Amino acid sequence: MKLRTHQLLVVSSVAIAFCLAPSKPALGQYTITTLASFNDSNGRNPVAGLTLSGSTLYGTTVYGGANGAGEVFSVPVTGGTPTVLASLYFPDGGEPTAGLILSGSTLYGTTSSGGAINPFGEVFSVPVTGGTPTVLASFNGSNGNSPYAGLTLSGSTLYGTTQLGGANGDGEVFSIPVTGGTPTVLASFNGSDGADPLAGLTLSGSTLYGTTYLGGANGDGEVFSVPVTGGTPTVLVSFNGSNGENPYAGLTLSGSTLYGTTYFGGANGDGEVFSVPVTGGTPTVLASFNGSNGNYPHAGLTLSGSTLYGTTADGGANGDGEVFSVPVTGGTPTVLASFNGSIGDDPYAGLTLSGSTLYGTTSAGGANGDGTVFSVTVPEPGSILLLGLGTIGLLARRRGYAS
């Protein structure tokens, strides 16, 4: 089953891992290695990115598993059959479109539907060794609805977004303790200050940064900030089409600069890579996609040294999506690897970088057509400053954004 853009769209959130020196890929095509192919019973349609701990990759699938409502899985970095750590069940949350964050021996995530109170989604935790998920929070509409994005952890507090719900029904920013409880609404969007936040959050100091797919001055989405203590969102950027349109993905922070992608817009209307200062202003278009070098980037970016890495769900040599790189100073995207169905198809999620190897997922393709976990090794290995480890997914079924 191939999930097209009107069915399944993915963004990426930001988590931070620390290493030391930059590395830079050489130009050219590199080999995609399929590490795992899903087969429904062990998961189906992984739309979120991966979390790496030691030699193990952790992730989620939207569907499949014992109850058909998605799962949490692990796979060794060397590849193999996915291990199902938890199968989700709709009364307690289902369809996890977001990736996971790891703290100690506990994985935290969200489900886009289900929950104990109403079918509006939840926040859950599960041990890395597997087991029944613990429901930490269930949304009820007024305190949020449909958390498609993943979570950001600071101390003992989890931060996230919901696409809908909140005071005006246009989505919100929330927080909850890692021990669980009722979500605290930190900010509710109202259209003019953004609507439909589909991506997770980037934390710097006491400020949360994110994107909304819609809203802002031109209705084409925005970049915003909110204090961790809550308040009215500050609009840092309103997109207008030519400088980007409809950002699904979250942001990557380096110094005082935020980097991201938009699904539409840019020079050719096929999406772009942009940067903007944390203080706000007009976005700088670093790269515009044109189909042959990729189109419709749903995921956020991974930064290593002076190079940004990402994926596009479509385009590339075979039209099945690609892995690309762009210098932080901008330029034409370099296609590092193109998918072809048998090795994966439709990579909606962003990338996790370890040494010189990029890890990711495809929502379709592989041996059974149910998606894959893959790796791509680029030259000049080195330690890295890695941003954009966590990823999130989006199942755009309520408002049908893309066609």
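These figures come from a predicted structure and were not determined experimentally.

**Student:** Residue-level account of the overall build of the chain, with values.
**Tutor:** From N to C terminus, the chain includes 0 helices and 32 strands. Taking the contacts inside the chain whose residues are at least 6 apart along the sequence as the reference set, 52% of them involve residues at least 24 apart. Counting only carbon and sulfur atoms, one obtains 49% of the accessible surface of the chain, whose full area is about 12,300 Å².

**Student:** Account for the sheet that holds strand β30 (residues 372-377), with residues named and values stated.
**Tutor:** Spatial ordering of the open sheet is given by β3-β30-β29-β28, a layout of 4 strands whose pairing is antiparallel. Whereas interior strands pair on both sides, the edge strands pair on one side only; in this sheet they are β3 (32-37) and β28 (352-354). Mean inter-strand twist for the sheet, computed between neighbouring axes without regard to direction, equals 25°. The pairing of β28 with strand β29 (residues 357-362) spans 3 bridges and is classified as antiparallel. The residue bridging Ser 354 from the neighbouring strand is Thr 357, located in β29.

**Student:** Break down the side chain of Ser 146 for me, with residues and values.
**Tutor:** The residue Ser 146 is located in the loop between β11 (134-138) and β12 (152-154) in this model. A polar atom in the side chain of Ser 146 sits 2.8 Å from the side chain of Asn 145.

**Student:** An account of the pairing of strand β7 (residues 83-87) is needed here, citing residue identities and associated values.
**Tutor:** As judged from the 4 bridges shared by strand β6 (residues 71-76) and β7, these two strands associate in the antiparallel manner. In the strand pairing of β7, Ser 74 is matched with Thr 83. Between β6 and β7, which pair antiparallel in sequence order, lie 6 residues; one of them, Gly 79, sits at a positive phi of approximately 95°.

**Student:** Can you lay out the packing of aromatic side chains for me, pointing to particular residues and giving the numbers?
**Tutor:** Summed over the entire model, instances satisfying the criterion amount to 11 aromatic pairs. With 4.9 Å between their ring centres and 75° between their planes, Phe 339 and Phe 374 make a pair best called edge-to-face. Placement of the pair is Phe 339 in the loop between β27 (334-338) and β28 and Phe 374 in strand β30, with a sequence separation of 35 residues. Of the two residues examined, Phe 339 and Phe 374, each falls in the buried class. Through a chain of ring-to-ring contacts, three or more aromatic side chains come together here, namely Tyr 213, Tyr 248, Tyr 263, Phe 264 and Tyr 296.

**Student:** Mind laying out the sheet that holds strand β22 (residues 272-277), listing which residues take part and the relevant values?
**Tutor:** Backbone hydrogen bonds are what pair the strands of a sheet, in a parallel or an antiparallel way. A sheet is described by the order of its strands in space; here 4 strands give the open sequence β20-β21-β22-β23, paired in antiparallel fashion. Edge positions in the sheet fall to β20 (252-254) and β23 (284-288), since each of these pairs with one other strand and no more. Taking each pair of neighbouring strands and ignoring which way they run, the sheet shows an average axis angle of 25°. In terms of strand pairing, β20 meets strand β21 (residues 257-262) through 3 bridges, oriented antiparallel. Its bridge partner lying in β21, Ser 254 is registered against Thr 257.

**Student:** Describe unusual backbone geometry, with residues and values.
**Tutor:** With phi around 80°, Asp 40 is a residue other than glycine that occupies positive phi space. Mapping Asp 40 onto the fold places it in the loop between β3 and β4 (51-53). In this structure Asp 40 comes out as partly exposed when scored by relative accessible area, which is 33%. A positive phi angle, close to 60°, is found at Tyr 296, a residue other than glycine. Summarising the element assignment, Tyr 296 is placed in the loop between β23 and β24 (302-304).

**Student:** Talk me through the confidence of the model for the chain; I want residue IDs and the actual numbers.
**Tutor:** With 87% of its residues at a pLDDT of 70 or more, the chain has an overall mean of 88. Every residue in residues 1-28 is under pLDDT 50, and counting partners more than four places away or in other chains gives 125 contacts.

**Student:** Which residues make up the pairing of strand β25 (residues 307-312), and what are the values?
**Tutor:** Working note: regular strand, side chains alternate between the two faces of the sheet. With 6 of 6 residues buried, β25 is to be regarded as a mostly interior element. Burial along β25 is two-sided: the residues Thr 307, Tyr 309 and Thr 311 and Leu 308, Gly 310 and Thr 312 are all buried. Summarising the sheet, β24 and β25 pair through 3 bridges and their orientation is antiparallel. The residue of β25 that forms the bridge with Thr 302 is Tyr 309. Where β25 meets strand β26 (residues 322-327), 6 bridges bridge the pair, whose relative direction is antiparallel. Counterpart to Thr 312 in the pairing with β26 is Glu 322.

Each value, and the rule that gives it
Residues numbered from 1 in each chain as written. Predicted model: local features only at pLDDT ≥ 70, side-chain atom pairs only at ≥ 80, totals over all residues. Heavy atoms only, no water. Helix = DSSP H or I, 4+ residues; strand = E, 2+ residues; numbered from the N terminus. Contact = heavy atoms within 4.5 Å. Areas by Shrake-Rupley, 256 points an atom, 1.4 Å probe, with all protein chains shown as cover. Pairing = 2+ DSSP bridges. Axes fitted to C-alpha atoms, helices over the stretch in contact; angles between N-to-C directions. Polar contact = N/O pair within 3.5 Å; in protein donor to acceptor, adjacent residues only side chain to side chain. Phe/Tyr/Trp six-rings, centres within 6.5 Å; stacked < 30°, edge-to-face > 60°. Buried < 20%, exposed > 50% of the residue type's maximum accessible area, 1.4 Å probe, protein only. pLDDT = per-residue confidence, 0-100.

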